[in-house]
Amino acid sequence: MNHLPKLVLPLSSKPADHAIHFSPILAEVAQLERSDVFSRMKASPEGLSEDEAASRLAKNGPNVVATNQHRGWPWRLLTAARNPLVILLLVLATISFATGDARAGSVMALMVILSVLLRFVQEARADAAAEKLKAMINVTTTVMRAGKEKEIRLRQLVTGDVVKLSAGDMIPADVRLIAAKDLFITQATLTGESLPVEKLDTREARAGIAPLELANICFLGTSVESGAATAVILATGAQTYFGSMAGSMVGAAEPTSFDKGMQQFTWLMIRFMMVMVPLVFLINGLTKHNWREAFFFSIAVAVGLTPEMLPMIVSVCLSKGALAMSKRKVIVKQLSAIQNFGGMDVLCTDKTGTLTMDQVILERHCDVMRKENDEVFRDAYLIAHFQTGLNNLLDRAVLSHRDAHEEIVAGFRKVDEIPFDFVRRMMSVVVEKPDHEHQLLTKGAPEAVFPRCKSYELDGKIFPLDPAHAAELIKHYEELNADGFRVLAVAHRHLGPKELISKADECDLILKGYIAFLDPPKDSAAKAINALQQHGVTVKVLTGDNDIVTRKVCRQVGLNADDILLGSKVETMTDPELAQAVEGTHVFARLSPAHKQRIIRALQHRGHVVGFMGDGINDAPALHVADVGISVDSAVDIAKAAASVILLEKDLMVLDDGVIEGRKVFVNILKYVRMGASSNFGNMFSVLGASAFLPFMPMAPIQVLTNNLLYDFSQVPIPTDTVGPDQTAKPRPWDIGDIKKFVLFIGPISSIFDYTTFFVMLTVFGCWDPARASLFQTGWFVESLITQTLIVHVIRTNKIPFLQSRASWQLTMTTLAVMAVAAWLPFSPLASALGFAALPPLYWPILLATLLCYVLLTQGVKMWLFRKAWL
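Bear in mind the structure is a predicted one, so any value in this text is a computation, not a measurement.

Draft legend 1. Representation of unusual backbone geometry in the model. Phi angles above zero are rare outside glycine, and D508 is one such case at about 50°. Locating D508 in the fold gives a position in the loop between β16 (486-495) and β17 (509-518). For R590, which is not a glycine, the phi torsion comes out positive at approximately 50°. Secondary-structure assignment places R590 in the loop between β20 (587-589) and α22 (593-605). R590 sits in the partly exposed class, given a relative accessible area of 36%.

This is the structure:
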């Protein structure tokens, strides 16, 4: 039999034109009489013949939900290398090797290898995970073929096949019920509903209802909780609802906001070079008439402008963040998710299993006026303890209640029982009490129990249940329903000393009270939501469950649930209407997976960085399109495969930890990006100006490369730098506009002091003479390296550097080390090889004044930008 396996699904990603959908035939066949279903599907109650089944299988393909196109490692390696920065570094490395500069070529080649290998390993892991997630590969089901029952693999099923279903089976395709007995289906993985739903074999007479609510249609991915059925297959494979979800995740992965930001920054740097390098080459060639020297200098400038440390800085920052999260028992599958955590300003979450415990518990046991009553619990416990029929979720909740203990049944003896059935919708047991009297105890749906009651009990007294009182009592239990509870009525009656009873004895009952069940929120849910909101993250609930239960849970965790947008309304909205609605709505209910996807995309379209947390099959498409997908360790495999972050503990406070950690990572990456971009922008003005008016090269190519190498070394500890609480207080989305503003205002400051250095070297130290070119080049080399190494301490914080905020000791040590090396090189044994000359004593106090003015001016401009709220 097709007993429920781990439900898994091959996973890649989503083409833009693939939509999650229901097969149109479902609604059509649902409205047909049973006899007409076979005609419509060209089938019969005896099943298809083997020849017909083989013909349909050849025509429509196997019953598998998704197929991944497997590509070998060469393709993955090529994909990993298709990055503008990687290609640029590779070209420059090739040119460097070709022109004899092996050192520069080796450094850049190493950066290329590290960057490509990192991405290649990540892609290989993703492919390996996808290979392990083959859908239902060895699962079988019972099918009728030519009048005989046989077991076949699910992939061999075709439309028109007649299948047999029983408790524990997985629904093998989208099917129409032909015969059903006491059939309850668990479809929480598709809808989020905690409790099983009843399915019938009768014609669906209701019009315009959602496909998942069709009473005679069952879907692939759900399972049989109880009962038995015979069904005809309407859709298989990719044509099923589950299959369409699988197809929605096949294709190229959508770039996250972090990926897009990195691409934007990379192209910004490339545009700098596309302008800078040709100009440097032409200006130096035309003014110095040495085209060979101009070529080598322009290549060195190109290397200097390339942020070759960016892949390493990003990788180390992200890896450090992932390591910090692993200590909090959070697994980060995709490193970029760490930064997206920090940039996230909207967290959308499923309800069942994420905010809630995904465990039905007995929340209340009360009398008919809704006052807590221990005798009601005692009677409910006796029924659950003594009954021998189907031990369902509600019975287990009663038996595991905190007040449950074996002493409750002490002195009671079971006499007989009437098992639950789906016609009466109740169960009864007869017990002999300690005083040897027999009592009938009944538990069931209130609407089924009420008509069998002639009186009710309140405060130990019995009152007649006349129509006036009945209306009032019905109102009380409806209020419990409206408050999100699943309610059962508990009643009893005295019986004479007879051993056997029948259903006819379930009459003249005395209504004792109600037991109310709920899937409660996790203990950490309210605290985590409050913490996220305090840190600028708006929490929205997206669930397939009904709006009554959803409103109850949301209010318990502190979310505004006054206005709930239902899936039926989402279905009728245009994309612009939905984008407008999602801003002010915090709770969405009765959603399909396609609705969840649309809502997340609508939020992304409005500029939000969106996280999604879920654990069911119905959450996988939303997890896939979100900027950061979050799941839990107990989730179904497809949800864990689609997620980029997995929580190993139920404590949702790690979400807030992840947000803070992500913001720390982003701040440290941004330090390098801002420094690199502003430095390059300033250097562009300095190099172009110096090349235009100097009678010699402003800096020798070997000096440019040495400057670049030492500066890069000083930036290596950036991932270890401390980040203040003020820098993690609000979401940190990637904004290339902010980077451009920073570059435009901070970048030229370095050029100002480069030109003051030019002026000093030319006028004070007489470097107009080409014979003193090495002294000029040395002076600019030392000033350029020391200023851009020191200035990161100003850029790294919103506060006053060194006084209100200090860098990590690692960054401080490398800064001091590189500045010391810069001052030492002109007097070192390497000076001759690098083309340096000894600097005169007067140079050093002038340099000190330059550094002081540079730091003060940069700090002033930075604070002005913050006051203007431009950063």
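Draft legend 2. Expanded view of the confidence of the model for the chain. Put simply, the chain has an average pLDDT of 82, and 88% of its residues get 70 or more. Overall, residues 1-18 carries pLDDT values under 50, and its contacts beyond four positions in sequence, including any with other chains, amount to 86 contacts. Segment residues 129-138: pLDDT under 50, and 25 contacts once partners within four positions in sequence are set aside and those in other chains are kept.

Draft legend 3. Layout of the nonpolar core. Judged by nonpolar contacts, the single largest core of 129 residues is most densely connected at I630, L647, L655, I669 and W734. The biggest single contributor to this core is helix α25 (residues 653-693), with 17 residues.

Draft legend 4. Seen up close, α22. The end-to-end C-alpha distance of α22 is 18 Å, a good match for the 18 Å that 13 residues give at a rise of 1.5 Å each. Among the residues of α22, P593, A594, H595, K596, Q597, I599, I600, A602 and L603 are the ones counted as buried. Just downstream of α22, G607 is the residue with a positive phi angle, here 90°.

Draft legend 5. Highlighting empty space enclosed by the protein. Taken as a whole and judged by the stated rule, the model has 5 cavities of 30 Å³ or more. In this model, the second largest cavity occupies a volume close to 110 Å³. Lining the second largest cavity are 14 residues, with S679, N683, S750, Q788 and Y854 sitting closest to its centre. Of all the elements in the fold, those that place two or more residues in the lining of the second largest cavity are α25, α27 (736-764) and α28 (773-790). Among the residues forming the lining of the second largest cavity, the class breakdown is 5 nonpolar, 8 polar and 1 charged.

What counts, and where the lines are drawn
- Residues numbered from 1 in each chain as written.
- Predicted model: local features only at pLDDT ≥ 70, side-chain atom pairs only at ≥ 80, totals over all residues.
- Heavy atoms only, no water.
- Helix = DSSP H or I, 4+ residues; strand = E, 2+ residues; numbered from the N terminus.
- Buried < 20%, exposed > 50% of the residue type's maximum accessible area, 1.4 Å probe, protein only.
- pLDDT = per-residue confidence, 0-100.
- Contact = heavy atoms within 4.5 Å.
- Core = buried A, V, L, I, M, F, W, Y, C linked by side-chain atoms within 4.5 Å.
- Expected span 1.5 Å × (residues − 1).
- 1 Å grid on protein atoms, 1.4 Å probe; cavity = no way out; pocket = protein on both sides within 12 Å on 5 of 7 lines; lining within 4 Å.
- Points joined across faces, edges and corners; volume = space filled by probe spheres on them.
- Nonpolar A, V, L, I, M, F, W, Y, C, P; charged D, E, K, R; others polar.

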